[in-house]
Amino acid sequence: MLQPFTRVLDLGTGDIAPENRLVRRRLSDMRGAYAEDCDGAQVVYEVFNIDVPETNSELQTCTTRLYNGKVGDEYFMTKGHFHEVRDRSEVYLTTSGYGRLVMATEDGRYAIEEMRPGSMNYIPGGWSHRSVNVADEPLVFFAAYIGDSGHDYGSIEERGFPVLVVEGPSGPEVVPNPRYQSS
Ligand SMILES: O=P(O)(O)OC[C@H]1O[C@](O)(CO)[C@@H](O)[C@@H]1O
Ligand SMILES: [Fe+2]
């Protein structure tokens, strides 16, 4: 049994104190995610994880700081994944910034939800998820998901998402992804 504990989240930056595990993804880690080639050391996003055992009796929690920027007309976004255990759900609470949460099922249905300070997005089991920063400031959100969920990135790397969020003449637009491979 774990000992109860408390961490303190900076709602503006996403930093968690005292300690946490950091995952940092750079443009060079995002190759293939965008229609245009991307490379280089620029940081796209950082995930601060609170480590607990990866079992179905614990909740994994983390914050994500997704920087603002674009590759071509596509906004900075997370890689996106299904949970390895497909029926595992997740919740997001946005604490700063503005974005879109893109979700999709394996049979090609998709849903887009808004992310803004205070929004709580529920990601049901079976839906892949990717966050997109549509503003000119970092998007910061807290996430909680079932401990044994795991991350399946391969399906998204192979097939993509059915839709993309791109910058249009009057702001963010959702467009079909020409590279999406339906099953
Ligand atoms: O795992 P990805 O797709 O790189 O993106 C990180 C996302 O995954 C999670 O860590 C857990 O699902 C989210 O909190 C975070 O936004
Ligand atoms: Fe997830």
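How each quantity is defined
- All chains use their own residue numbering, which begins from 1 and follows the written sequence.
- All chains are assigned letters beginning at A, and all ligands numbers beginning at 1, according to the order in which they are written.
- In keeping with the predicted nature of the model, local features appear solely for residues at pLDDT of at least 70, side-chain atom pairs appear and are counted solely at 80 or more, and the whole-chain, interface and lining totals rest on all residues.
- Excluded from the side-chain calculations are hydrogens and water; all other atoms, namely the structure's heavy atoms, are used.
- UniProt positions are given in the numbering used here, feature names are shortened, and annotations may be inferred rather than shown by experiment.
- Helix numbers and strand numbers start at the N terminus; a helix is a DSSP run of H or I with at least 4 residues, a strand a run of E with at least 2.
- To sort residues, take the accessible area from a 1.4 Å probe on protein chains only and compare it with the maximum for the residue type: under 20% means buried, over 50% means exposed, and anything in between is partly exposed.
- Take the buried residues of types Ala, Val, Leu, Ile, Met, Phe, Trp, Tyr and Cys, join any two whose side-chain atoms come within 4.5 Å, and each joined set is a nonpolar core.
- By the convention used here, residues are in contact when the closest approach between their heavy atoms is within 4.5 Å.
- Here the coordinating atoms are restricted to nitrogen, oxygen and sulfur within 2.8 Å of the metal centre, or 3.2 Å for Na, K and Ca, and because water is not among them the sites may look incomplete.
- Residues are labelled near a given molecule or strand when at least one of their non-hydrogen atoms is within 4 Å of it.
- Polar contact criterion, stated in full: a pair of N or O atoms within 3.5 Å, where within protein one must be able to donate a hydrogen and the other to accept it, and residues adjacent in sequence count only if both atoms are side-chain atoms.
- Reported accessibility uses the Shrake-Rupley method at a 1.4 Å probe radius. Residues are deemed covered only where the shown protein chains occlude them.

As recorded in an unreviewed UniProt entry, the protein goes by the name glucose-6-phosphate isomerase, listed as coming from Sphaerisporangium rufum.

With that settled, the discussion passes to the UniProt feature "domain: Glucose-6-phosphate isomerase prokaryote" (unreviewed entry) in the protein. Taking the UniProt record as the reference, the feature "domain: Glucose-6-phosphate isomerase prokaryote" (unreviewed entry) is found at residues 37-159. When the span residues 37-159 is considered, its composition is 5% helix and 46% strand, and the gap between its end C-alpha atoms is 17 Å.

Within the fold, Gly154 resides in helix H1 (residues 154-159). For Gly154, a relative accessible area of 28% translates into the label partly exposed. In this structure the C-alpha to C-alpha distance between Gly154 and His81, which are 73 residues apart in sequence, comes to 7.9 Å.

Membership of the largest hydrophobic core comes to 33 residues, with the highest contact counts inside it found for Met30, Tyr34, Val44, Phe76, Tyr92 and Val132. Of all the secondary structure elements, the ones that give two or more residues to this core are strand S4 (43-50), strand S5 (59-66), strand S9 (99-104), strand S13 (139-146) and strand S14 (163-168). Setting aside its immediate chain neighbours within four residues, Met30 contacts Cys38, Val44, Tyr45, Met77, Thr78 and Lys79.

Here we come to the coordination of the iron ion (ligand 2). Protein coordination at the iron ion (ligand 2): the donors are His81 (NE2), His83 (NE2), Glu90 (OE) and His129 (NE2), at 2.0 to 2.2 Å from the metal. Within one chain, the residues donating to the iron ion (ligand 2) are spaced in sequence as H-x1-H-x6-E-x38-H. Pair noted here: His83 is in the loop between strand S7 (74-75) and strand S8 (90-96) and His129 is in strand S12 (residues 128-133), with a separation of 46 residues, a long-range link. Residue His83 is classed as buried on the basis of its relative accessible area of 2%. With relative accessibility at 2%, the residue His129 sits in the buried group.

What follows covers the site of ligand 1. In the vicinity of ligand 1, 17 residues are found, and the nearest of them are Tyr45, Thr64, Gly80, Glu90 and Tyr153. In the model, an oxygen atom of ligand 1 is placed 2.4 Å from a nitrogen or oxygen of the Tyr45 side chain. Tyr153 places a side-chain nitrogen or oxygen 2.6 Å from an oxygen atom of ligand 1. With the chains in place, 97% of the 390 Å² that ligand 1 exposes on its own is no longer accessible. Elements represented by at least two residues in the shell around ligand 1 include exactly S4, S5, S8 and S13.

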